[in-house]
Amino acid sequence: FRSPGRRVRDAQPPGVRGSSAMSYLIPHLDSGWAVDQAILNEESKVVVIRFGHDWDPDCMVVDEVLSGVMEDVKNFAVIYCVDKTEVPDFNTMYELYDSVTVMFFFRNKHIMIDLGTGNNNKVNWAFDSKQEMIDLIEVVYRGAKKGRGLVVSPKDYSTKYRY
């Protein structure tokens, strides 16, 4: 049984309808209502949402990481993808202007992360390390369980893009 508006692409082969090879492993939320319900109804786990497009190269990298960590974080996090063109409801609210954005929610509250980048609302670059993503989700979970709305990343990303 699936709630209305939620589509799981687990039966879809890679490459069909522009989906990346890994995005079909992650449940997709296809409406603003479905996103709200995913955030509202999860009482004990962190809700990780990747906003972007399945066909975007940065999203493909993040989707591969997220699908790879789903089993490792299943006890304390659930992961979803949202196509920001299909579901434009959150583009302005969360300032989703980057090609890929990963956000964290716990008990209907947006959890911010101090990554050292100045933007504490979201991760807006392509993560390519599964262990770093697991560490980040775990820090969010531990901080959120203690009632914190802002957690500090285990790694400083302020020098990530040094030119």
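Coordinates for the structure precede this section.
Here the structure is a predicted model, which means the values were calculated and not measured.

**Student:** Mind laying out the pairing of strand β3 (residues 46-52), listing which residues take part and the relevant values?
**Tutor:** Counting buried positions along β3 gives seven out of seven residues, so the element sits mostly inside the fold. Where burial is concerned, the two faces of β3 agree: the one with Val46, Val48, Arg50 and Gly52 and the one with Val47, Ile49 and Phe51 are both buried. Relative to strand β4 (residues 77-83), β3 runs parallel, the two sharing seven bridges. If you follow Gly52 over to β4, its bridge partner there is Asp83. Running through helix α2 (residues 57-73), the crossover from β3 to the neighbouring parallel element β4 is right-handed. Bridge analysis of β3 against strand β5 (residues 101-106) gives five bridges, and the strand direction is antiparallel. Residue pairing in the sheet places Phe51 in a bridge with Thr101 of β5.

**Student:** Help me get a handle on the pairing of strand β6 (residues 109-114), residues and values and all.
**Tutor:** The sheet contact formed by β5 and β6 spans three bridges and is antiparallel. The residue of β6 that forms the bridge with Phe105 is His110. The antiparallel pairing of β5 with β6 creates a hairpin that spans two residues between the two strands, and Arg107 there sits at a positive phi of about 50 degrees. Considered for its hand, the β-α-β crossover made up of β6, helix α3 (residues 130-145) and strand β7 (residues 150-152) is left-handed.

**Student:** Pulling in residues and values, what's your account of α2?
**Tutor:** With 17 residues, α2 extends 24 Å from end C-alpha to end C-alpha; this agrees with the ideal 24 Å at 1.5 Å per step. Of the positions making up α2, those classed as buried are Cys59, Val62, Asp63, Val65, Leu66, Ser67, Val69 and Val73. Buried residues along α2 sit in contact with β3, β4, β5 and α3. The backbone nitrogen of Asp58 has a side-chain oxygen 2.9 Å away, supplied by the residue at the start of α2, namely Asp56.

How each quantity is defined
Residues numbered from 1 in each chain as written. Predicted model: local features only at pLDDT ≥ 70, side-chain atom pairs only at ≥ 80, totals over all residues. Heavy atoms only, no water. Buried < 20%, exposed > 50% of the residue type's maximum accessible area, 1.4 Å probe, protein only. Helix = DSSP H or I, 4+ residues; strand = E, 2+ residues; numbered from the N terminus. Pairing = 2+ DSSP bridges. Right-handed = clockwise from strand over helix to strand, strands pointing away. Expected span 1.5 Å × (residues − 1). Contact = heavy atoms within 4.5 Å. Polar contact = N/O pair within 3.5 Å; in protein donor to acceptor, adjacent residues only side chain to side chain.

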